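Reading the structure
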Amino acid sequence: MCGIVGYIGQRDAYDIVIKGLQRLEYRGYDSAGIAMYDGMNLNICKTKGKVSDLEKKAKNSNTVFGKVGIGHTRWATHGEPNDQNSHPHFSNSGRLAIIHNGIIENYDAIKILLQNRGFRFHSDTDTEVLVNLIEDVLNNEDVKLGKAVQIALNQVVGAYAIAVFDKEKPNEIVVARLGSPLAIGVGEDEFFIASDASPFIEYTNSAIYLEEGEMGVIRLGRKPRIRKIQDDKLVDPYIQELQLSIDQIEKGGYEHFMLKEIYEQPTAIRDTFRGRMLVDEGLIRMAGIDDNIQKFLNVNRIIIAACGTSWHAGLVAEYIFEDIARIPVEVEYASEFRYRNPVINSNDLLIVISQSGETADTMAAIKLAKENNAFVFGVCNVVGSSISRETNGGAYTHAGPEIGVASTKAFTTQITVLSLIALKLGRAKGTIDNSHFHMYLNEMATIPGKIERVLKENNHIEQVAKSIKDAKNCLYLGRGYNFPVALEGALKLKEISYIHAEGYPAAEMKHGPIALIDEEMPVVVIATRKGHYQKVVSNIQEIKSRKGRIIAIVSEGDTTVKELAEHVIEVPETIEALTPLLTTIPLQLLSYHIAVMLGKNVDQPRNLAKSVTVE
Ligand code: F6R
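As the structure is a prediction and not an experimental result, all values here were calculated from the model. (Residues numbered from 1 in each chain as written. Predicted model: local features only at pLDDT ≥ 70, side-chain atom pairs only at ≥ 80, totals over all residues. Heavy atoms only, no water.)

**Observations concerning the environment of Lys-48**
- Tracing the chain through its elements places Lys-48 in strand E3 (residues 42-48).
- Taking the C-alpha atoms as reference points, Lys-48 and Leu-138, separated by 90 residues in sequence, lie 31 Å from one another.
- Setting aside residues no more than four positions away along its own chain, Lys-48 makes contact with Asp-30, Ser-31, Asp-53, Pro-81, Asn-82, Asp-83 and Ser-86. (Helix = DSSP H or I, 4+ residues; strand = E, 2+ residues; numbered from the N terminus. Contact = heavy atoms within 4.5 Å.)

**Overview of the domain arrangement of the protein**
- Along its sequence, the protein is carved into domain 1 (3-242), domain 2 (254-450) and domain 3 (458-597).
- Taken over C-alpha atoms, the centre of domain 1 sits 34 Å from the centre of domain 2.
- Contact with domain 1, which involves seven residues of that partner, is made by seven residues of domain 2.
- Across the domain 1 to domain 2 interface the summed buried area is about 650 Å²; carbon plus sulfur atoms make up 47%.
- Seen at the junction of domain 1 and domain 2, the total is one salt bridge.
- Residues Arg-389 and Glu-211 are paired through a salt bridge, measuring 2.5 Å at the closest nitrogen-oxygen approach.
- In this assembly, domain 1 and domain 2 are joined by two residue pairs in polar contact (both at pLDDT 80 or more).
- A breakdown of the residues in the side of domain 1 that touches domain 2 according to their chemical character gives four nonpolar, no polar and three charged. (Domains from an automatic or database assignment. Buried area = accessible area lost by both parts, 1.4 Å probe. Salt bridge = Lys/Arg side-chain N within 4 Å of Asp/Glu carboxyl O. Polar contact = N/O pair within 3.5 Å; in protein donor to acceptor, adjacent residues only side chain to side chain. Nonpolar A, V, L, I, M, F, W, Y, C, P; charged D, E, K, R; others polar.)

**Side note on the packing of helix H4 (residues 126-140) against helix H5 (residues 145-153)**
- With their axes 8 Å apart at the nearest point, H4 and H5 run at an angle of 120 degrees to one another. Considering their axes alone, H4 and H5 lie oblique with respect to each other. Relative to H5, H4 is oriented so that their crossing is right-handed. Residues Leu-130, Leu-133, Ile-134, Val-137 and Leu-138 of H4 form the contact with H5, whose participating residues are Leu-145, Ala-148, Val-149, Ile-151, Ala-152 and Leu-153. (Axes fitted to C-alpha atoms, helices over the stretch in contact; angles between N-to-C directions. Parallel < 35°, antiparallel > 145°, perpendicular 65-115°, else oblique. Left-handed = near helix turned anticlockwise from the far one by under 90°.)

**Observations concerning the nonpolar core**
- One finds Ile-302, Phe-321, Ile-351, Phe-377, Ile-421, Tyr-476 and Leu-590 to be the most contacted residues of the largest nonpolar core, which totals 87 residues.
- Composition of this core by domain shows at least three residues from each of domain 2 (254-450) and domain 3 (458-597).
- For Ile-302, the residues in contact, after removing those within four places along its chain, are Phe-321, Ile-327, Pro-328, Val-329, Glu-330, Leu-349 and Ile-351. (Core = buried A, V, L, I, M, F, W, Y, C linked by side-chain atoms within 4.5 Å. Buried < 20%, exposed > 50% of the residue type's maximum accessible area, 1.4 Å probe, protein only.)

**A look at the side chain of Thr-413**
- Within the fold, Thr-413 resides in helix H14 (residues 409-429).
- On the basis of relative accessible area, Thr-413 is assigned to the buried category, the value being 0%.
- For Thr-413, the side chain forms a polar contact with the main-chain oxygen of Lys-409, separated by 2.7 Å.
- Here Thr-413 is in contact with Ala-268, Ile-269, Thr-272, Thr-397 and Ala-399, once residues within four sequence places are set aside.

**Quick look at the environment of Asn-298**
- The topology assignment puts Asn-298 in helix H9 (residues 293-298).
- The class for Asn-298 is exposed, based on a relative accessible area of 53%.
- It is 9.8 Å that separates the C-alpha atoms of Asn-298 and Ile-327, two residues lying 29 residues apart in sequence.

**Focus: helix H18 (residues 533-544)**
- Compared with an ideal rise of 1.5 Å per residue, which puts twelve residues at 16 Å, H18 spans 16 Å between its outermost C-alpha atoms and is within 8% of the ideal.
- Among the residues of H18, Tyr-533, Val-536, Val-537, Asn-539, Ile-540, Glu-542 and Ile-543 are the ones counted as buried.
- On the buried face of H18, the contacting elements are strand E23 (473-478), strand E25 (522-527), strand E26 (549-555) and helix H19 (560-564). (Expected span 1.5 Å × (residues − 1).)

**A look at the site of the ligand**
- Residues in contact with the ligand amount to 14 residues; listed here are only the nearest, Ser-310, Ser-354, Ser-356, Thr-359 and Glu-495.
- One nitrogen or oxygen atom from the main chain of Thr-309 is found 3.0 Å from an oxygen atom belonging to the ligand.
- One of the side-chain N or O atoms of Ser-356 is found 2.6 Å from an oxygen atom in the ligand.
- Protein contacts shield 90% of the accessible area of the ligand, which totals 400 Å² for the unbound molecule.
- Those elements that place two or more of their residues in the shell around the ligand are helix H10 (308-325) and helix H17 (483-497). (Near = heavy atom within 4 Å. Areas by Shrake-Rupley, 256 points an atom, 1.4 Å probe, with all protein chains shown as cover.)

**Considering the pattern of salt bridges**
- All told, the structure shown has 40 salt bridges when counted by the stated rule.
- Between Arg-285 and Glu-281 there is a salt bridge, with its nearest N and O atoms 3.8 Å apart.
- Taking the relative accessible area as the measure of exposure, Arg-285 reaches 45% and is therefore partly exposed.
- Residue classification places Glu-281 among the exposed positions, given a relative accessible area of 54%.

**Observations regarding the packing of aromatic side chains**
- Tallied over the full model, the rule gives nine aromatic pairs.
- Of the aromatic side chains, those joined through ring pairs into one cluster are Tyr-7, Phe-192, Phe-200 and Tyr-203.
- The side chain of Lys-50 reaches across the aromatic face of Tyr-29, ending 4.5 Å from its centre.
- The positively charged end of Arg-606 is found above the aromatic ring belonging to Tyr-498, 3.9 Å away from the centroid. (Phe/Tyr/Trp six-rings, centres within 6.5 Å; stacked < 30°, edge-to-face > 60°. Lys NZ or Arg CZ within 6 Å of the ring centre and 35° of its normal.)

Below, the structure written as structure tokens:
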């Protein structure tokens, strides 16, 4: 969703802000804009379209000058994507400029109030209402900018990360956060502002992450002054040293971030294991579980809430938790869970799964579970994200930054963490015996190497992609542990190639989807030897006899399915519970190649945002 960047210091702000916006492109957006203060004037340039369009437009304007500036990529919520609705927004007098990520829910009522006081509006956005509300406070009360922002924010309902610049106070930028992330990069006599650290990591690795409900006045020559928006309490800012490196957020020779991230999976999974899976000692050490072990062992059931790909990882976890730890599991879309008045109490444990750690619906699920006294455990990738802060305990996936909008390494590392938890609990409860536990650990350790073997199939998978790229529809089928993989394969295809695709449990085909099958319809079937193999082979025969085109993911050396399928892609053998970690990889590559061949924007598919911070 929207991205925020700001700079104040001694360098040219334009270059830093534009580059920062490019680094935030992965969040998803439909328009972009900047405001620069050149020492006299506050100049704004904004446009519908990409940051590259903004650069073209800004090139011949005054917006390229100045040592202080703010920039924004907008993912439209209130008002269509057009130049007017793009950020930054000016206040009526032209004194203030604001950028905003989030939603002001009561903007309509405030807008009427301000209109009655003579304010005029030039866009359909809630953000323009907020900047004028701040100006209204400045007009009517004898306060400084920081205080005016605070008074205004205490009147709004909603979610926000904002940065406000006042040309009468050109040495400072005021920022605030509630429900959307905001980081302040701290350099030598310079500060950076951004939705995450990627826009400033090449300049500084010292950062302050604003906590929920905090605001800050960032002024050159002194430490940022942070306080609570609601009660004005001063907070001592915690400056942390970031582990992020510039290589992690660049393409590193790959054509797309998605491809780089697919190839990073062996390393990402090794990083997920590191310090946790001690194969020689026959141990899984996870502080987030060890610290709360009684909670985990005494729960009545686990509820998993997540969205999109993370929800698919939750479905895989349902199989492994029930199979190995014998704990009942329910998997919920966070967006449904939050509104359907679920029965939940202190004997339940909620596990939320989120790559970004910022998904609004998942945040709401946490709030609901906490109100009902359930213990909440988070599986997140982004360190320090809102979800990782709001949960009672958690485990990071350690996948490293995921920039391609289509989630890949986040998914496989989520499954890895959840499998480790299931095994650890299974051992602690005695639902898995020692020899099986050791067998699992040994097999888990081979997974990164086995993924490397699957990645070697890339050229072959590209050929398979070529043969089905013109399909209008596609079915994905799997059973057991591979049913969620079928869902994930279909999601990957639709989100980046815009081909309609559906995932189904293979046996459900007879109850409806089989009617779709004809010689035009590619059906991707996961048919590995471990996991209802014979049943899936029967399903494949049913497709074959209706002339469907079969693309099968099979175990190495399979001959039966080879006879029936148009194409097979082989993956190494593993324990059934771990097959999703291998079968997912060819499906990611298949979608990737199809999208590239169709000329789609793989890393930034239309209409999608990397972290969905609004409902
Ligand atoms: C799909 C995808 C989305 C996310 C979903 C949840 O490739 O990326 O479906 O999985 O928006 O996001 P997180 O995991 O950040 O909560």
